[in-house]
Amino acid sequence: MEARPGGESLNTMWKSVDLRSLLCCLVYLLGPHIGVLLDAHECLRITVSANPVHWGSSLVATCKIINTSCIMGSITHASQIMWQLDNMYIVKTQYTVMDRTMSQVNISAFKQTVGNLTCEIPQRAGGILQNGVRIQAGFPPMKPTNLTCVTSWKEKISMTCSWDPGRDPYIRTTYTLRRIKNLGKCHNHGMDAEWSDCFSQDSHSCTVPRDKLRLFSTDDIFVLAENELGSQVSDVLCLDAMDVVKLEQPVYPIVQADQQNSHCLIISWTMNIKLQIKCQLQYREYGESAWRQMVAVINQLQKEERLCQLSPGTEYLIRLRCMLYDTTRYWSDWSAEYSGCTAESSPVGIPEVWWHFEGPVQGENMYIRMFWKELKKSEMNGKIRGYRVTFGCEPDTNHPEVTLCNTTSLSCRISTPKGDGNICVRAYNAAGHSPAALLALPTLHQTGIAALRPFVNIIPITEHSLQIYWTHPSIPVLGYIVEWCKMSEEYSCEINWKKVSADSTGSILQENIEPMKRYAISIYPLLLKGLALPYSTEAYSKQGAPLTGPKVSANRIWKSKAEVIWEEIPTSKRQGFIRNYTIFYSDKTGPVQYIVRSDLERRYTLTGLLAATNYEVKVMATTDAGGTNGSVLNFTTKKSDDGNILIIIAWLFPILLLLMSILLLTYFLLRKMLTGQLWPKIPNPANSTLANWTPGRKAQDWNCLEGVPDHVVSSVTLLQRDARQNTAFGAKSKPLLDDENALSIDLNIKSTNGVETPHCCSEGRNYVVYMPYHNLPEEAQYATVMHSKDQIGPPTLFLRSNSTQPLLHELTSSPKPYENPWFTMSDTNHSELSQDFSLSDIMVEEDEIRKTFPLLWGLVSEHKAD
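Counting restarts for each chain: residues are numbered from 1 in the order of the written sequence. Restriction of local features to residues with pLDDT of at least 70 applies here, the model being predicted, together with a cutoff of 80 or more for giving and counting side-chain atom pairs; totals for whole chains, interfaces and linings are based on all residues. Think of the side-chain values as coming from all heavy atoms in the structure, minus any hydrogens and water.

What about the overall build of the protein chain?
Numbering of helices and strands runs from the N terminus, with a helix taken as a DSSP run of H or I at least four residues long and a strand as a DSSP run of E at least two residues long. Counting its regular elements, the protein chain contains 10 helices and 55 strands. The proportion of buried residues among the 866 residues of the protein chain is 39%. Long-range contacts, defined here as pairs at least 24 residues apart, represent 65% of the contacts in the protein chain between residues at least 6 apart. To be clear on the numbers: accessible area is Shrake-Rupley with a 1.4 Å probe, and residue cover counts the displayed protein chains and nothing else. When the accessible surface of the protein chain is split by element, carbon and sulfur atoms take 54% of a total near 50,000 Å². Relative accessibility decides the category of a residue: with a 1.4 Å probe and only protein chains considered, values under 20% of the type maximum give buried, values over 50% give exposed, and everything between is partly exposed. Note on contacts: a residue pair is in contact if any heavy atoms of the two residues lie within 4.5 Å.

This is how it looks when you write it as structure tokens:
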């Protein structure tokens, strides 16, 4: 087939096109649309003056356009190149355009360990063509110093050398430990001498294994430090690996007591070496901090050493380390600490003893509380198992001692006979007893001698210690007992004490001393034949404000003053010596006033107060460290004082006495007049002329009688008592008639209501009908009196109203002689009055009825007497 000319020329054109230019064009066309930052190593090339660069030196970098076809823009020139250092643009004053395709930047001082330097050129439609380089900055290595080597003698022997590399170079640096074999002596080797290198992994040490280690020959050893900025060599160290052997630490030490000698311990251990070694052994008592040591030379494989000059019955802590004998300069590491205890022996110390008599002497015995101190640790020679107190321990006698007390505490109460004898106190352990503290009974009593002068000074040293001073006594003493205890109302005093030598005039108290607690302190001089009188005082190691304030109350209150009192603060809550009391008081409107009381009297009278005013009072107790307010008291002053009232009474009493005298005098002078006005004299009815009247007679019957009286009572109505008053008579009031509803009528005489009241004089009898005096609709007739037989007008009627009030009020449960108790008819019987009744049913004997009315009976009696 013949080819067409047009097609051949087209193929030639495509072949002439650079594929890379085509790729750049493709990236150019797609870059703006996909936001690609173009990295063109084949388009831009960066070169720097040094990399790494010495820290702080200048740096020059150039950027060259090596392929203009990568750059798609209207103009391609080096002036369009921009420089960045760690994504920060460098100022253009540091740019230099070398030619059309090259730009240069000059950094005067590069002061960072690592930096990213880039150059870029903008593209059309926002694209960027960029290339960069990573620059390091640092220092050349320093000379290694303090080169030391140690041969570790373990299961796998090796030699480790270490050095100080100095300042960090910040760039990659190699450290090489080089060993050059000497010919017999140090630094004796040729240029072609055998040498070996050990490359450090951590820049400050390197370990040579056993297969590359030469023993019993010397080597020159040094360290070579190198990096791209320079190199350094350390000083040469000449040594034999056996000269720097460090043994492993001893293992499995065994500490045992020497049963033959209580002052020794036997120490044995194991080490994996057959060479001659020496070991250093350190020991200390348990609880101490300072170590004591000894050095021993060991030759055997199984090591053992005896440690002596120790205290019996004492626990010790032991450790050891070893080294090759005379061939090395390094000790092994210390072994672990192991403990051991020496064998016990009898205590050697004498207990210090103190005593107190307790209670009165009963019969032939007296009771003593014994105290003693623990032995010093160096005197125990073992663990103290207890203390024994015996009686009858006279020296140079074979009499058996009587055990009074056997205890593990530091005190005991014993009973001893009065008189002479000795008491012994001993401490004992598993090996035996200590020497006895011997006390003669007569020397335990107080002599009554005041040996100490009254001058004792106490100074607080710390919160937990007190310094006490006293003067020399006027008589010889054997020593002193200083005794102190914490004071409290809540529990008994726990005694602390110490013995002081005779030539001392002071002591420091440290046992059981607490701040803000009061202590009672006593000093007892010890005499040859007893105890002198003690000197006692009180003290605080540190004072504080009271825990609570005083509780205040009002004792007496007046118009313008008031007396307040307050309770004492308990000793355990004072926390110091009370120096003064401050009384604060005020009313609700006035200022707060205060008064300071230094005499410590717990009462005070406030004066100048306002009358009838409420006051608030509180009291503050103050120590050397501060004060605390107590409870608040509110009270109100009186309107007037009791004294004013007494004065008024004193003035009024004579006046009242005078008035009473006048009244009494007036009464005696006007007694008769007053008596007649207030208590009028009532005539006795028994003495009345009614006694001569003849009741129950009509006017027409008077002619048949001899001696007609002037006045005649024709009829009498007996009024019935209300049932409510009848109960007052009790069981003694019996009805005089069986029919309590009888009416009182005078025969043939009409009542006031116009009803005919039948009567009869036949057979010489008068009849009386009873009717109630209450609840009647009209007036009730009490009596009808006929004045004389010649009377023309109607007879006089004595009427009583229809009131329910009784005629005679009964004051007592029994009637008076002239009262009629027969007022017993109830209201319910009133309804029966309107009914018809038979005269035969209501008639009674005239004399019997008169007897029920004292007035009429009295008249009848007098009439019969006449």
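Side note on the nonpolar core
If you look at the biggest cluster of nonpolar residues, it comprises 42 residues, and the most contacted ones within it are M159, L177, L247 and I277. Ranked by the residues each element gives to this core, the list is headed by strand β25 (residues 315-324), at 5 residues. Dropping the residues within four chain positions of it, L247 is found in contact with W153, M271, I273, I277, C322, M323, L324, S332 and D333. To form a nonpolar core, buried Ala, Val, Leu, Ile, Met, Phe, Trp, Tyr and Cys residues must be joined to one another through side-chain atoms within 4.5 Å. Grouped together as the second largest cluster of nonpolar side chains are 29 residues, W354, M380, A427 and L439 included.

Some thoughts on unusual backbone geometry
Note that the residue after N51, namely P52, is joined by a cis bond; omega there is 10°. At D86, a position not held by glycine, the phi torsion is positive, near 55°. Owing to a relative accessible area of 33%, D86 belongs among the partly exposed residues under this scheme. Of note in this structure, Y170 is not a glycine but carries a positive phi near 70°.

Thoughts on the side chain of R179
Checked against the element boundaries, R179 lands in strand β13 (residues 174-181). A polar contact is formed between the side chain of R179 and the side chain of S196, at a distance of 2.8 Å. Throughout this description, a polar contact denotes any pair of N or O atoms lying within 3.5 Å of each other; where both atoms belong to protein, one of them has to be capable of donating a hydrogen while the other can accept it, and for residues adjacent in sequence the pair is counted only when both atoms sit in side chains. Reaching out from R179, the side chain makes a polar contact with the backbone oxygen of K212 at a distance of 3.0 Å. For R179, the residues in contact, after removing those within four places along its chain, are M159, E194, W195, S196, V208, K212, R214, D219, D220 and I221.

A word on the pattern of salt bridges
Between Lys or Arg on one side and Asp or Glu on the other, a salt bridge is scored when a side-chain nitrogen of the former is within 4 Å of a carboxyl oxygen of the latter. Evaluation of the coordinates by the stated rule reveals 20 salt bridges. A salt bridge links D219 to R214, with the shortest nitrogen-to-oxygen separation between them at 3.0 Å. The residues D219 and R214 share a single accessibility class, namely buried. K542 is paired through a salt bridge with E463; the nearest N and O atoms lie 3.0 Å apart. Of this pair, K542 sits in the loop between β41 (535-539) and β42 (552-557) while E463 sits in the loop between β34 (456-462) and β35 (465-470), and the two are 79 residues apart along the sequence. Given the relative accessible area of 36%, K542 is considered partly exposed.

Quick word on the confidence of the model for the protein chain
Close inspection of predicted coordinates is inappropriate for parts of the model with low pLDDT. Averaged over all residues, the pLDDT of the protein chain equals 77, while 72% of them reach at least 70. Here pLDDT means the predictor's own confidence in every residue, given as a number from 0 to 100. When the criterion is pLDDT under 50, residues 785-789 qualifies, and its contacts beyond four places in sequence or with other chains add up to 21 contacts. Here residues 797-805 is modelled with pLDDT under 50, and outside its nearest four sequence neighbours on either side it reaches 31 contacts, counting other chains as well.

Some details on the state of the cysteines
Disulfide assignment relies on a single distance test, namely cysteine sulfur atoms paired within 2.5 Å. A full pass over the atoms with the stated rule returns 9 disulfides. Covalent S-S linkage joins C149 and C161, the inter-sulfur distance amounting to 1.9 Å. Disulfide C149 to C161: torsion about the S-S bond roughly 110°, handedness right-handed. With C149 in strand β11 (residues 145-153) and C161 in strand β12 (residues 158-164), this pair connects stretches of sequence that are 12 residues apart. The disulfide bridge from C186 ends at C238, spanning 1.8 Å between sulfur atoms.

Focus: the sheet that holds strand β30 (residues 402-407)
Two strands are counted as paired when DSSP detects at least two bridges linking them. Across the sheet, 4 strands lie side by side as β30-β29-β32-β33; this open sheet has antiparallel pairing. On the outer flanks of this sheet lie β30 and β33 (437-440), each paired with one strand and no other. Within the sheet, the average angular offset between the axes of one strand and its neighbour, ignoring direction, is 20°. The pairing of strand β29 (residues 386-391) with β30 spans 5 bridges and is antiparallel. Among the inter-strand pairings, Y387 is bridged to a residue of β30, identified as T407. Here the axes come from fitting lines to C-alpha atoms, over the contacting stretch only for helices, and the angles between their N-to-C directions go from 0 to 180 degrees.

Observations concerning the sheet that holds β34
The antiparallel open sheet is built from 3 strands, whose spatial order is β34-β35-β38. Unpaired on one side and paired on the other, β34 and β38 (506-509) mark the two borders of the sheet. On average, each strand axis in the sheet is tilted by 20° relative to the strand beside it, whichever way the strands run. As paired strands, β35 and β38 are joined by 4 bridges and run antiparallel to one another.

What about the packing of aromatic side chains?
Aromatic ring pairs are described here by two measures, namely the spacing of the ring centres and the angle between the planes. Any two rings among Phe, Tyr and Trp, with Trp reduced to its six-membered ring, count as a pair given centres within 6.5 Å; such a pair is stacked if its planes are under 30 degrees apart, edge-to-face if over 60, and tilted if neither. Applying the stated criterion across every chain yields a total of 11 aromatic pairs. Relative to F139, the ring of W55 has its centre 6.0 Å away and its plane inclined at 35°; by these criteria the two rings are tilted. Taken together, the residues span a long stretch of sequence, with W55 in the loop between β3 (53-54) and β4 (59-65) and F139 in the loop between β10 (128-138) and β11 at a distance of 84 residues. Judged by relative accessible area, W55 falls into the partly exposed class, the value being 33%. Ring plane angle 40° and centroid distance 6.0 Å describe the contact between F584 and Y594, whose orientation is recorded as tilted.

So, the environment of W55
Sequence separation of W55 and G138 is 83 residues, and the distance between their C-alpha atoms is 4.8 Å. Not counting the four nearest positions on each side in its chain, W55 is found in contact with F110, K111, Q112, T113, A137, G138 and F139.

Quick notes on the side chain of S200
On the secondary structure map, S200 appears in the loop between β14 (195-199) and β15 (205-209). Within the local environment of S200, its side chain forms a polar contact with the side chain of D202, the two groups lying 3.2 Å apart. One polar contact links the side chain of S200 to the main-chain carbonyl oxygen of S205, over a distance of 2.8 Å. Aside from chain neighbours lying at most four places away, what touches S200 is W163, Y175, S205 and C206.

Notes on the environment of A436
Within the secondary structure layout, A436 lies in the loop between β32 (422-428) and β33. Sequence separation between A436 and I423 is 13 residues; the distance between their C-alpha atoms is 9.2 Å. With residues near it in sequence (within four places) discarded, A436 still touches I350, C424, V425 and R426.

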